[in-house]
Protein chains: 4
Amino acid sequence: MEHGGRTFASDNCAGVHPDVLAAIAAANVGHAPSYGDDPVTGEADRLFRRHFGDAAQAFIVFNGTGANVVGLQSMLRPFECVLTADSAHINVDECGAPERFLGCKVVGVPAPDGKLTPGLLDAAATGVGDQHRVQPRVVSVSQATELGTCYSPDELAAIAEWAHGRGMLLHLDGARLANAAVALGCSLGDLGAPAGVDVLAFGATKNGAMGAEAVVVLRPGGGVDLPFIRKQAMQLASKMRFVAAQFVALLTDDLWHRNAAHANAMATRLAAGVAGLPGVEIVHPVEANAVFATLPDGVTGALQTDYPFYVWDEGTGVVRWMASFDLTEEDVDAFVRRLAELTGG
Amino acid sequence: MEHGGRTFASDNCAGVHPDVLAAIAAANVGHAPSYGDDPVTGEADRLFRRHFGDAAQAFIVFNGTGANVVGLQSMLRPFECVLTADSAHINVDECGAPERFLGCKVVGVPAPDGKLTPGLLDAAATGVGDQHRVQPRVVSVSQATELGTCYSPDELAAIAEWAHGRGMLLHLDGARLANAAVALGCSLGDLGAPAGVDVLAFGATKNGAMGAEAVVVLRPGGGVDLPFIRKQAMQLASKMRFVAAQFVALLTDDLWHRNAAHANAMATRLAAGVAGLPGVEIVHPVEANAVFATLPDGVTGALQTDYPFYVWDEGTGVVRWMASFDLTEEDVDAFVRRLAELTGG
Amino acid sequence: MEHGGRTFASDNCAGVHPDVLAAIAAANVGHAPSYGDDPVTGEADRLFRRHFGDAAQAFIVFNGTGANVVGLQSMLRPFECVLTADSAHINVDECGAPERFLGCKVVGVPAPDGKLTPGLLDAAATGVGDQHRVQPRVVSVSQATELGTCYSPDELAAIAEWAHGRGMLLHLDGARLANAAVALGCSLGDLGAPAGVDVLAFGATKNGAMGAEAVVVLRPGGGVDLPFIRKQAMQLASKMRFVAAQFVALLTDDLWHRNAAHANAMATRLAAGVAGLPGVEIVHPVEANAVFATLPDGVTGALQTDYPFYVWDEGTGVVRWMASFDLTEEDVDAFVRRLAELTGG
Amino acid sequence: MEHGGRTFASDNCAGVHPDVLAAIAAANVGHAPSYGDDPVTGEADRLFRRHFGDAAQAFIVFNGTGANVVGLQSMLRPFECVLTADSAHINVDECGAPERFLGCKVVGVPAPDGKLTPGLLDAAATGVGDQHRVQPRVVSVSQATELGTCYSPDELAAIAEWAHGRGMLLHLDGARLANAAVALGCSLGDLGAPAGVDVLAFGATKNGAMGAEAVVVLRPGGGVDLPFIRKQAMQLASKMRFVAAQFVALLTDDLWHRNAAHANAMATRLAAGVAGLPGVEIVHPVEANAVFATLPDGVTGALQTDYPFYVWDEGTGVVRWMASFDLTEEDVDAFVRRLAELTGG
């Protein structure tokens, strides 16, 4: 394959950044207390506080679904519900894990470009105080969204104000938080407590880790039950140091930023490259590392032969291309060339 | 510390075997399909079938709790119950994850040395057909048990016969299956389908992996729902190849056997070394890699100062020492010497 | 109040039909086996079979939410989902009981007039076979719908064919099944197995009972787990005979039909009476015993002063008037006169 | 049958007290708001406060399992556990409803005569603060117990002190609270807040009602979520007035006391009558309305031919006889005569 094994199917098709692998190997010395009472996890905790503020409490888990569910569990009772964009991962792509584990209803709110607004939430937050209705308790936003768009800190703050003013809380699914921070030109921490976020899931896997996510609790006192919730949610690693080491690598020397910046740049390059091709239309703003497009008839299948990627919406034919931290400019350019051939562009 | 950082607290305090780490690094080439559709996972699947039989279907998960819960979910409806030894991990050490996720009652059966028998099960399996009672559906045994003992293949087969004769199924928690197989002088597969086991959890983490467990479904057709169950249980890894690689390393060239044999030998050495010390009593047969003992008054705390380990039962003062794959004879001998000093032996 | 205590708020504001009360009193003789092993429940079972077919198995429960959840539980595993109209009771008005007890996602499908169609279902049944998505397993329709409309037997059969052709099942929420049968001019049984329904909830409470609902299982073998599911769902009455007696009364001498026919007739009378009033618009077909309307500005509050009823949709101002089995023509006419006064009609 | 249809199988085999039936009929006037906003429920609420104190909040539900689960839900998060006697109804006879709905582990503590003590609880409340263990949060006692014994107010207070001193709460399953209060010579209220109980289930069904139980919340603020919990637990009656009327009848003019006193007296008479018969041994103190006994070989089956009753423990052959509010002295004496015949006494 001319793309050297690198594709645009998902940023979780990429491998592990060498520095992350090195950090894992470096953690492999002698015995260490299990379940997080080890020095490497201690170092990760310090780094989480450095990035997200001294009050932040981080709880490392295995995967994004686990991070979302564990974080949401710390905010919800079963008769309460989560309001989220209809395209959100927790609503669509987690095989009902939130409903199953939380026992809560997840209410999908139709949201253009994957982004909630106070106005959309006003229409969705019905039945408050009515014993027949699930009670709105948490707003969950994705940053970046499933559609590759980002909330500005001000947009987040407006949603947080909306939520907090109603006694509700703000959850953020940050499976691609690094990409969003880079896109917005801000720090990771800027997208947390200062923006009114109460609990967030911070994803390292798509940012160059092997498999490492964290629940970061920002609201004071919000973490007290987390150790039990994490364990009961089957998300507590015994040899924790090897998961923690991945965060240590990414949160040191701005590796998280370099990886995300490169991925975003590759998405931008790809979008720019295909933008003028006949019949190719970019359908969402390209703000992070995803490109959504419609293609001329017959092109999708042919392109997939060379480059695996997902048709995002079978109804409309919209396709998704994700840029990983390890793509090269050559990978992108070759992809663009191939699409140009197919479209006659 | 004279024990060079290696302790007897738990076999999950050990690090990663170098061959496992090498396998992970070797898997880090280019992009690969996520969620298990990659060649490394394919190779792991082949190895699982080689060890557990052609009909075996393996589903890789993150940790032991996840492996147990996912496997049990494939066998249970919510009004059914699991009969297990009262000391079983699923009954005691999983923070209620089985009850939470399965919605099922876990019935702990008092079991000497941690082992169930048909006789014990007869007494526990009450209320069959009574709509007011949870219905016994699964017997879950631990191999090796939490108390370091093992079921012989014949003992397993007797339990399986008991269960199958009543329309029930047999689950095996094999977090330390490798240690049991070595102790019993049999293959991994001998402890599966031939012994009547329907579904087992195979643990690699304590056998030298970084963090890798698998649900191995042995009963025909039993795996059809597993992909969905695993995902909903938050146990599906996106970059699966790096978890699968750990199994590839352990299941190739008998690394699993070498690691377990060494750990068991170290436990035997430890038990033999302390057996004659004044006031030290071994309280369960030492069959795998665990040693349970009672110590003279005042000794436990002093010994823990040098060697972290768990008091297993606060009431009786029984302590547990676990032997890992990476302990050395010197580690063991130094520990025995220290205990001899403290007991005046 | 000129309406003699009878209102249009809900058909569960009505009392108990005298024949039902008499049947309860008649059952109060001596002791009887509890939990349904009594002669009155036996008689109810015979009547259920007479109405719904010899293969029907009825399980009496306490309320409509219980009937829906218990019935759905017999058809679902937790990673599966229910497709239902977005206005359905299970989606909106059960405080998340289905998600909580089933652990399943309930997918609300936007449905005009509250009715699903194969076309609407085609668009909603996505992700089949994809382990990241909940798997469509049950279509649940309401008969009559929450919006007072009815599915014809042919419409039901088309949905059943759609579902069965995909390995799915059809559930029917018949909290107002009697009203629908009368509206459609068919028997209760015609809306069950012959229309392809697998499991239905049959509501007696709104049909003149005190509090009695039943899960009626129509698919062969579908009832085997129901006793356990019902008990675990907290829906098993100890003194069952007094709930069963209510069904005996309604299912004997067509009391169910007389009550429903009268309620429907009152709704029709009401709709006809208000149809010509200035600014009053009926917004859904009046097929059963519900009338949905929009009113001129300022009228709703004034009318509610005399007659409690619900504003169905705060956004659009649509109001709902329900006709009960015990309304009189005078009740309806007085209501129409009052609305005429308020609208200047 | 010489016993006129009245048996000793269970106090839920009895019918409805005529005054209860009359109260139901009296409530059947015109329309009333549903779901508890009606005057009859208002009257029941006043009576609950009169009996249980001004701070008590009562929430009427359908059955005992519902009352227990709803009450416990108001006190528990899923990673917490309930400590209860191993013979408790919530542990044995609710088909796993607590585990299923709460997601919590129910820990059965071996308890002679069905009664917990601080000493027994000390041994059971392990793992506090250990993230691998479910966290003890609620002690649940049954009053009267499943074995027919009662806790004195002082015994309750000692358990409450034990629980509250550890940040835990005290739940009381009062399916037979009336029988216990009579046995102890105290009021219903004496067994609530003054004894340190935080939440109790008050059973009317076995006390002469048709089907009516209530969650009575005694701890300040403890009822705030109850309306939602009750609805989500499928325990909210639409025509609530007819359930509330049953409480009105029982809590007025001491009907609850008369019914329970009579039932207790019949149990005492029965126990006294059989005590001297050859080979008949009463195995638990007869304090409320239950008698547990062992019988000579061969007698149980013969006696059951005439009088249905339960063998409580298949292993030991212990049988249970329950006395209902509507038994007559003749019923009891005939039963004793029959047993005397069978035992040759």
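Residues numbered from 1 in each chain as written. Chains lettered and ligands numbered in written order. Predicted model: local features only at pLDDT ≥ 70, side-chain atom pairs only at ≥ 80, totals over all residues. Heavy atoms only, no water.

Caption draft 1: Structural detail: the domain arrangement of chain A. All names here are of chain A. You can read the domains of chain A as domain 1 (19-251) and domain 2 (255-343). Placing a centre on the C-alpha atoms of domain 1 and another on those of domain 2 gives a separation of 27 Å. Domain 1 puts 23 residues into the contact, and the matching count from domain 2 is 20 residues. Buried area between domain 1 and domain 2, summed over both chains or domains, comes out near 1,800 Å², and the portion from carbon and sulfur atoms is 58%. In terms of surface lost to domain 2, no three residues of domain 1 exceed Leu147, Asn179 and Val182, which account for 29% of the buried area on that side. Across the contact surface, domain 1 and domain 2 share zero salt bridges. Taken together, the links from domain 1 to domain 2 amount to nine residue pairs in polar contact (both at pLDDT 80 or more). Elements with a contribution of two residues or more to the side of domain 1 that touches domain 2: helix 1 (18-26), helix 8 (177-184) and helix 10 (241-250). Looking at the side of domain 1 that touches domain 2 element by element, the count peaks at five residues for helix 8. In terms of residue class, the side of domain 1 that touches domain 2 is built from 13 nonpolar, six polar and four charged. (Domains from an automatic or database assignment. Contact = heavy atoms within 4.5 Å. Buried area = accessible area lost by both parts, 1.4 Å probe. Salt bridge = Lys/Arg side-chain N within 4 Å of Asp/Glu carboxyl O. Polar contact = N/O pair within 3.5 Å; in protein donor to acceptor, adjacent residues only side chain to side chain. Helix = DSSP H or I, 4+ residues; strand = E, 2+ residues; numbered from the N terminus. Nonpolar A, V, L, I, M, F, W, Y, C, P; charged D, E, K, R; others polar.)

Caption draft 2: Expanded view of the sheet that holds strand 11 (residues 318-322) of chain B. Residue and element names in this part refer to chain B. A sheet is described by the order of its strands in space; here four strands give the open sequence 8-9-11-10, paired in antiparallel fashion. Lying at the two open borders of the sheet, with one neighbouring strand each, are strand 8 (281-282) and strand 10 (310-313). With four bridges joining them, strand 9 (residues 290-294) and strand 11 adopt antiparallel strand pairing. Counterpart to Phe292 in the pairing with strand 11 is Arg320. (Pairing = 2+ DSSP bridges.)

Caption draft 3: Geometry of the relation of the copies chain D and chain C. Here chain D sits on chain C after a turn of 180 degrees about the axis and a move of 0.0 Å along it, with an RMSD of 0.0 Å. Expressed as an axis order, the relation between the two copies is that of a two-fold axis. Within chain D, Phe101 of chain D has its C-alpha nearest the rotation axis, a separation of 3.1 Å. Comparing contact sets, 98% of the residues at the interface of chain D also lie at the interface in chain C, consistent with an isologous, same-surface contact. (Least-squares fit on C-alpha atoms with pLDDT ≥ 70 in both.)

Caption draft 4: Geometry of the interface of chain C and chain A. Opposite the 18 residues of chain C that make contact, chain A presents 18 residues. Buried area between chain C and chain A, summed over both chains or domains, comes out near 1,500 Å², and the portion from carbon and sulfur atoms is 52%. The tally of links between chain C and chain A comes to four salt bridges. A salt bridge links Arg133 of chain A to Asp93 of chain C, with the shortest nitrogen-to-oxygen separation between them at 3.0 Å. Run the count over chain C and chain A and you get eleven residue pairs in polar contact (both at pLDDT 80 or more). The set of elements that each furnish at least two residues to the side of chain C that touches chain A consists of helix 4 (89-92), helix 5 (97-102) and strand 3 (105-109) of chain C. Classifying every residue of the side of chain C that touches chain A by side-chain character gives seven nonpolar, five polar and six charged.

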